[in-house]
Amino acid sequence: MIETLIQIFLFGAVVGGIWGLVASGFSLIFGVSRILNFAHGSAFVSSAFLVYSLVNYGYNLYFAVLAGLILAAAIGTVVYALTKPVRDREVMVIILTLAFALLVQQVLLILFGDRGVSVQPFIEGVAEIGGLKVTYMRILSLILAVICLAGLDIFITKTKLGKKVMATAQDSRAAMMVGIDIEKIFLLVMVLSSLLAGFAGILYAQILSVNPEVSLKALIYAFAIVILGGLGSLRGSIVASFIVGYILVTTITFLGARWSEFVMLLTIVAILVVKPTGLFGVRE
Amino acid sequence: MRFLMAGLLVLAAGMPLVLPEAYLYILGLAYIFAVMVISWDLMVGYTGQVNLGHTTFVGLGAYVAALMQTPLRSGMALHPALAIIAGGVTASAVGLAIGIITLRLRGYYFSLVTAILPLVFMQTVFIWRELFGGEEGFTVENTIFTTTLEKYYFSLLVLLVSLIIMRKIVDSRIGLRFMAIRDSEELAESLGINTTRYKVMAFILSSFFAGIAGAMVVNYRFTVSPDLYGVPLMLLIILSAVLGGLGTLYGPLVGAIVIYLAKNWWLGDLIRTFSFPINDEIVLYAILIAVGILMPEGFYHGVKRWVKSISSEKK
Amino acid sequence: MRYAKAVLTVIILVAAVTSLCAQPEKAGREKVVVGVIGPMAVPEGQAQEKAVKLAAEEINAQGGILGYRITVVVGDTKLDPNTATSEFRRLARVEKADVIIGGFSSGVMNAMMETMAETKTLFLADASSPEHAKKVEQNYEKYKYWFRVSQNNGSTFALDLADMVKFLRDSGYEVRKVYVIRDEHVWTDPVMQALKPLLEEMGVEIVKDVKIPRGYSEYEQLILEAEKLNADVIMPVLAISGTGDILVKQWATLKPNILLAGHDLYAIDAEFYEKTNGMANYEIFIADGGALVTAPPTEKCREFVEAYRAKYGHYPESHQAYGAYDAVYLYKMVVEMAASNGEKDPFDPEVLVRYLERFNASNPARLTRTIAFYDNHDLMWGDNYVRNWISQWQDGKQYIIYPPSVANGELKLPPWIKK
């Protein structure tokens, strides 16, 4: 029993790692800037596919990753342009970004089919921790997740630019009047969050695999983590990704794999209903 | 406007005389789809709350009705008309429960919860497979409507009744309150309107008709399956409503029929004829994006303006 | 005046709609219409369309069926029962298809069978659910137009899996414990039901039977659990999960002392090795449909595979291609048989059903695979008919390793396994 608990403890943390990375970009765009960007998953998936294709054509992995990140930034820019005219109407932002996400999904489906693709990992191999086999990639993604989220946290709260982002999110008109170039800020937020999404997607393709439908799954998990952690709290997102990892691993261990999806979704709904401000919600 | 509607009704009633049976079948399904879309518009277009899980209620209505008509699974063998109503009532009951909890909060919470709901219900279909039939769904016996002609007229009738009821609500004082909430929730609150109560009311109505539509689909094609909970259906609903024009009921009605026919009838052929390396979904989503940016009020308002400008020219 | 404009628009609309669907009645037959239906956005559907078109082209070049040219019409189910039934109906009633080929996904098939019963169209089908054959058994007159052509009934997979275990043992790899990972889906139930007693007979214990939902990705935990339970084989029974590649990747990364051997639709995909960056090496799988690109069981199959490549630039992207191709030739065969027997209308489905039924155990049709039908119109299973070949990915290629009559490779154990 103790052994099982230790396993869950270690594994839950590590499983949560990749999801934390996935959520980091979303924490910025939705948690901080409150833009319901349904196209967040598009950057996630497209970068991974681009990296896969380039590596297949013989390009160096790191070069391909760079290209993937550039693509992610480009997607962010496109979404920025799409949502600019309707930014004040939440309905339209949702619908436009949703339509864009689906468009990208269909394009990917036509180009690559519905099967998943993998990218060769940055580090290969397995570590043995306490008798448990854990892949280095999982550990790496956990470390990277913490770095990204902590880094974002510092950026938002401690730097001048970060404070401008917060201000724009809270009241864009007031921010404008104070002299902040809100268009630049919005563009920055979009591009940065898409970059993070793209990066997460590439890692996801290394540990698991990516197919066009994964964009939806990634989006839901990202939503869940951000809401659970509390909108606006990046530290909350770190904690929340651990919790998500633990819920997944515990469910699989005790209830069985078939319940994992269901329990995850129910938990998300329960959180949204019971404590919509999440664990460390900043303001509502 | 009334003339136009009456004219279209006559046209619809006369369709069986000109349309081959296969297309009549599709048109009948399009009418049911239209019920889904206008009930979505009732919620989103009139109260401004973005419901991303409308298919939850479509699926609920479908499964409840299907189960009640299949003695093997539930021990009941209800008359289809009763089962359909039961489907609608169940859907609205769930809508009530969810609405009470989530409509108190900020808009995007509602959107989020409703987005996830269909996935949760879809999982229940897989997990409790003996009852719900899992991925494959199950067959439903219906001896009342067996010919395409009967099904066509029945769905036309249901569409008509639903439209009239929703129109009446929207044109009443209740409808005014809905729109007040949509235009400025804070203002509505300060005027003393209990916004949560009206939002929940709209949600109950919206989900009722969605449930009816779901149950209708089951009686139309004699099988029920989890696709009725699915995301593709939800997206089609959104597309049709936005294209038609949110908050008008008539716009989404036309949008629904046009989009449904396009998707299941001629768009596929058109693309295949020209061998484009695209599929019909891409075309539809591209159209949605274009409309969203260029004509966010949808075609209905655009057409109305055009008609008005023509008639004012005459003066 | 405004109303006049409205009325005018309505009239134009009516004219447009009716012109789109007006079909002048043709007296007498001018051609043979072969319908192919499936999910055209995915390889399974595309392969069927391409295969049918290839067959039609070949047959037309040789004079058609009874002198009539074949026209191919295509329907897209979009994996949605509503769309599928509408499309089936359109093919049957508007395009006047003489025979419809294809399908995919048991739930969609269920819906289409209802339409088939209504339109009484011959349906040479794909999909593996035993439910379909059962329908024919229980209500012959209604569903007799259905024949399963592309692959075996799902429950025969148990026979293949049991044979696979036996083969592993005979090759020197001791199998006592098996860890099963299967789809949370109706199709796996009859497989497991049939498999359990077969394994018990061989003294093999199923240490755990794990069901996973579609899109599941946390296989590492399961693999580690299998290790802890001292399983000898991890047996996937997957087709719709969509994540077979993650399973094999994580298996290859963790390198447990366990073989990965079972059924995974994804592993049959010719690009599987590439899409997993080579991690698929050494996975053992059973190949649905009775044919693999790298190991065609008959001469006609070899010709088909090469002709397919010549026309389309790549090998058949899914096993449904073989079934669809065979279906067209099968249809041609029975129509010609009916005509030479003096049947008044050799294209009448009622007549053709009886001729199709003639292909039984002692009289199979030799096409790209050897096809015969049971009484319930299910596809016959066996070494000499169609069965899922036991195959393995080795260094980028698929090899059939059992049964010996078609094998073109030998079992290779992954280097990290110590037994």
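Keep in mind the model is a prediction, meaning the values are calculated, not measured.

The next thing to look at is the overall build of chain A. Looking only at helices and strands, chain A has 11 helices and two strands in total. For chain A, whose C-alpha radius of gyration is 19 Å, the value lies close to the compact-globule estimate of 19 Å for 284 residues. Projected onto the principal axes, the alpha-carbon positions of chain A cover approximately 60 × 45 × 30 Å. A total of 284 residues make up chain A; the buried ones form 62% of that total. Sequence-distant contacts in chain A: of pairs separated by 6 or more residues, those separated by 24 or more amount to 75%. Summed over all atoms, the accessible surface of chain A reaches about 10600 Å², with 69% contributed by carbon and sulfur. Taking the average place of the 18 positive charges on the side chains of chain A and the average place of its 13 negative ones, the gap between the two points comes to 7 Å.

Moving on, we come to the environment of B:Lys151. Residue and element names in this part refer to chain B. By secondary structure assignment, the location of Lys151 is in helix 8 (residues 148–171). Given a relative accessible area of 3%, Lys151 falls into the buried group. In this structure the C-alpha to C-alpha distance between Lys151 and Ala241, which are 90 residues apart in sequence, comes to 24 Å. Discounting chain neighbours no more than four positions away, the residues touching Lys151 are Tyr25, Phe145, Thr146, Asn219, Tyr220 and Phe222.

Residue and element names in this part refer to chain C. Here five strands make up an open sheet; going across it, the order is 2-1-3-4-5 and the pairing parallel. Two strands in the sheet have a free side with no partner beyond their single neighbour: strand 2 (70–76) and strand 5 (146–148). Along the sheet, successive strands turn relative to each other by an average axial angle of 20°, direction set aside. Judged from the four bridges that link them, strand 1 (residues 32–38) and strand 3 (residues 99–102) form a sheet pairing that is parallel. Paired with Ile37 across the bridge in strand 3 is Gly102. Against the sheet, helix 2 (residues 43–61) contacts strand 1, strand 2 and strand 3, and its axis sits at roughly 175° relative to strand 2.

Residues and elements named next belong to chain B. In the numbering used here, UniProt assigns the "transmembrane region" (unreviewed entry) feature to residues 24–43, 50–69, 81–101, 108–128, 152–170, 200–222, 234–261 and 282–303. Between the C-alpha atoms that bound residues 152–170 the distance is 27 Å, and the span itself is 100% helix and 0% strand. For residues 234–261, helix accounts for 82% and strand for 0%, while the C-alpha atoms at its two ends are 16 Å apart.

Take unusual backbone geometry next. Residue and element names in this part refer to chain C. Backbone torsion omega between Tyr402 and Pro403 reads 0°, so that peptide bond is classified as cis. Looking at where Pro403 falls in the secondary structure, it is placed in the segment after strand 14 (397–402). With phi around 60°, Asn230 is a residue other than glycine that occupies positive phi space. By the secondary structure assignment, Asn230 is in the loop between helix 9 (219–228) and strand 8 (233–238). The phi dihedral of His377 falls on the positive side, at around 70°, and the residue is not glycine. Counting through the fold element by element, His377 comes out in the loop between strand 12 (370–371) and strand 13 (389–394). The exposure class assigned to His377 is buried, which follows from its relative accessible area of 0%.

Okay, the pairing of strand 7 (residues 205–212) of chain C next. Along any regular strand, the residues point their side chains to alternate faces of the sheet. All names here are of chain C. In the sheet, strand 6 (residues 177–183) pairs with strand 7 via seven bridges, with the strands oriented parallel. Its bridge partner lying in strand 7, Ile181 is registered against Val210. Running through helix 8 (residues 188–201), the crossover from strand 6 to the neighbouring parallel element strand 7 is right-handed.

Calculation criteria
Residues numbered from 1 in each chain as written. Chains lettered and ligands numbered in written order. Predicted model: local features only at pLDDT ≥ 70, side-chain atom pairs only at ≥ 80, totals over all residues. Heavy atoms only, no water. Helix = DSSP H or I, 4+ residues; strand = E, 2+ residues; numbered from the N terminus. Rg over C-alpha atoms; globule rule 2.2 N^0.38 Å. Buried < 20%, exposed > 50% of the residue type's maximum accessible area, 1.4 Å probe, protein only. Contact = heavy atoms within 4.5 Å. Areas by Shrake-Rupley, 256 points an atom, 1.4 Å probe, with all protein chains shown as cover. Lys, Arg positive; Asp, Glu negative; His and termini not counted. Charge placed at Lys NZ, Arg CZ, Asp CG, Glu CD. Pairing = 2+ DSSP bridges. Axes fitted to C-alpha atoms, helices over the stretch in contact; angles between N-to-C directions. UniProt positions renumbered as here; feature names shortened; annotations may be inferred. Right-handed = clockwise from strand over helix to strand, strands pointing away.

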